[in-house]
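Remarks on the overall topology
Each chain is listed here by its residues.
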Amino acid sequence: MDLNDLIGPDDVFAGVKASCKKSLLQELSDKAARKTKIAPETIFSTLLDREKLGSTGIGNGIAIPHGRVKGLDKITGIAVQLAKPVDFEAMDDQPVDLVILLLAPEDSGADHLKALARIARVLKQPKKLSNLRAATDSATIYDLLTSKEASHAA
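Residues numbered from 1 in each chain as written. Predicted model: local features only at pLDDT ≥ 70, side-chain atom pairs only at ≥ 80, totals over all residues. Heavy atoms only, no water.

1. Topic: the pairing of strand 5 (residues 76-86)
In summary, the side chains of a regular strand alternate between the two faces of the sheet. In terms of residue burial, strand 5 counts as a mostly covered element, since 8 of its 11 residues are buried. When strand 1 (residues 12-16) meets strand 5, the two strands line up parallel, connected through 3 bridges. Pairing of V12 across the sheet is with A79, part of strand 5. Where strand 5 lies against strand 6 (residues 96-105), 7 bridges are found, and the strand directions are antiparallel. Paired with Q81 across the two strands is L98, which belongs to strand 6. (Buried < 20%, exposed > 50% of the residue type's maximum accessible area, 1.4 Å probe, protein only. Helix = DSSP H or I, 4+ residues; strand = E, 2+ residues; numbered from the N terminus. Pairing = 2+ DSSP bridges.)

Next comes the structure, spelled out in structure tokens:
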């Protein structure tokens, strides 16, 4: 599974403004609702429920909020670069500035975990992270996330 299977060019947003974790999750829910035609409240509730189990802030300024959503027909994602980092209660207590939302159908099984692992591998590349943070537009971020070396990162 490549990241371009999950995230399209219109699913990447640069310079997003959010004041806190909750407002960021709401913004992600609204963007995902437009893409999936699932109610933003349903997505937001799913994300909040997942965050109650433990933060999806994986460290190094990265968060991968995710959840399984009733009525969704395929695994999908949204990528966001924040204008200013926000506290996300991450494992390393560092604020988050790069976020990839991953939503999966309720019955997605192992595919959901494979997609999470793929995203995590791409975002653990130091040069890739530096370039993502330096990018000033959504198209550049999309290209960086979906380039062959990114989407096939080992």
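2. With respect to the environment of R133
Examined against the element boundaries, R133 turns out to sit in helix 4 (residues 126-134). For R133, a relative accessible area of 31% gives the class partly exposed. Separated by 25 residues in sequence, R133 and S108 place their C-alpha atoms 31 Å apart. Leaving out residues up to four positions away in the same chain, R133 has contacts with N60, G61, I62, Q81, D97 and L98. In terms of polar contacts, R133 uses its side chain to reach the backbone carbonyl oxygen of N60, at 2.6 Å. (Contact = heavy atoms within 4.5 Å. Polar contact = N/O pair within 3.5 Å; in protein donor to acceptor, adjacent residues only side chain to side chain.)

Any link to function would need more than the numbers given here.
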